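Coordinate inspection notes
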Amino acid sequence: MKYRLDDAAVEQMSSHYLNEGRQQEQWQLSEIEIDDDRLQAVVGMRSIYTSETDVGGFHLSIFSTLEFLSQLMIIYGHVWSGQNKKTKEAWMVESHTKTIRAIRSAQGIRVDMKVKTMRRRNESCYCVADFTITDALDGLFEVRLKGFLV
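In what follows, the accompanying structure is described. (Residues numbered from 1 in each chain as written. Predicted model: local features only at pLDDT ≥ 70, side-chain atom pairs only at ≥ 80, totals over all residues. Heavy atoms only, no water.)

Digging into a negative patch on the surface
Let me state the cut-off plainly: Patches draw on residues past 30% relative accessible area with no salt bridge. Two like charges within 9 Å are joined, as are two nonpolar side chains (Val, Leu, Ile, Met, Phe, Trp, Tyr) within 5 Å. All accessible-area figures derive from a Shrake-Rupley calculation using a 1.4 Å probe, and residue coverage is judged against the displayed protein chains alone. In the sections that follow, a salt bridge refers to a side-chain nitrogen of Lys or Arg positioned within 4 Å of a carboxyl oxygen of Asp or Glu. In summary, the charge assignment counts Lys and Arg as positive and Asp and Glu as negative, without counting His or the chain termini. In this description, the location of a charge corresponds to atom NZ of lysine, CZ of arginine, CG of aspartate or CD of glutamate. Secondary structure elements follow DSSP: runs of H or I of four or more residues count as helices, runs of E of two or more count as strands, with numbering from the N terminus. Exposure is judged per residue with a 1.4 Å probe applied to protein chains only, and the accessible area is read against the type maximum: over 50% gives exposed, under 20% gives buried, and values in between give partly exposed.
Residues Asp6, Asp7, Glu11 and Glu20 make up a contiguous surface patch of negative charge. Counting through the fold element by element, glutamate 20 comes out in the loop between helix H2 (16–19) and strand S1 (26–35). The class of glutamate 20 is partly exposed, set by a relative accessible area of 46%.

A few points about the sheet that holds strand S2 (residues 38–47)
The condition that has to hold: Two strands qualify as a pair provided that DSSP identifies no fewer than 2 bridges between them. Axis geometry follows a simple rule: fit a line to the C-alpha atoms, using only the stretch in contact for helices, then measure angles between N-to-C directions, giving values from 0 to 180 degrees.
The 6 strands are arranged S1-S2-S4-S5-S6-S3 in an open sheet whose pairing can be described as antiparallel. Single-partner strands in this sheet number two, and they are S1 and strand S3 (90–101). Here the average twist between neighbouring strands, direction ignored, is 20°.

Points about the pattern of salt bridges
Overall, the coordinates contain 9 salt bridges when judged by the stated rule. Across the salt bridge formed by arginine 22 and glutamate 67, the nearest N and O atoms sit 3.3 Å from each other. Here arginine 22, found in the loop between H2 and S1, pairs with glutamate 67, found in helix H3 (residues 62–80); they are 45 residues apart in sequence, far enough to count as distant. A relative accessible area of 33% places glutamate 67 in the partly exposed class. Of the charged contacts, one joins arginine 101 and aspartate 138 as a salt bridge, the two residues approaching to 3.3 Å between their closest N and O atoms. One end of the pair, arginine 101, is in strand S3; the other, aspartate 138, is in the loop between strand S5 (124–134) and strand S6 (140–149), and 37 residues separate them in sequence.

Structure representation (structure tokens):
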């Protein structure tokens, strides 16, 4: 099977969320607590996008999830290395995501980060962390991130 799609066909099949709705989503971190190799935080959506094709209403996208998990990993890396402000660039080198059950709550999203590896490589910090993301409606994501602060 071979298809050639023109611009109109691509527009008809494309996700409005990916083209435009994603820019409407904004999240906020709160209640961040770090205890040794664990970080716990609460995330709330400041603005959301609800797809016309999702009969369940709002659901947390993996894109917003990866954004705030990356931010938490950056914060952890800076705390771990004794920095009190962002002084290093972050490079995400690998991610693995399992969206087990949709997260439908826009508020009170809980993040539990368990650091598996945290070490220095020359002037860089290397981190591997596992995340569990849940909400009050039994939503569940599991994510593993690997990254550098350079």
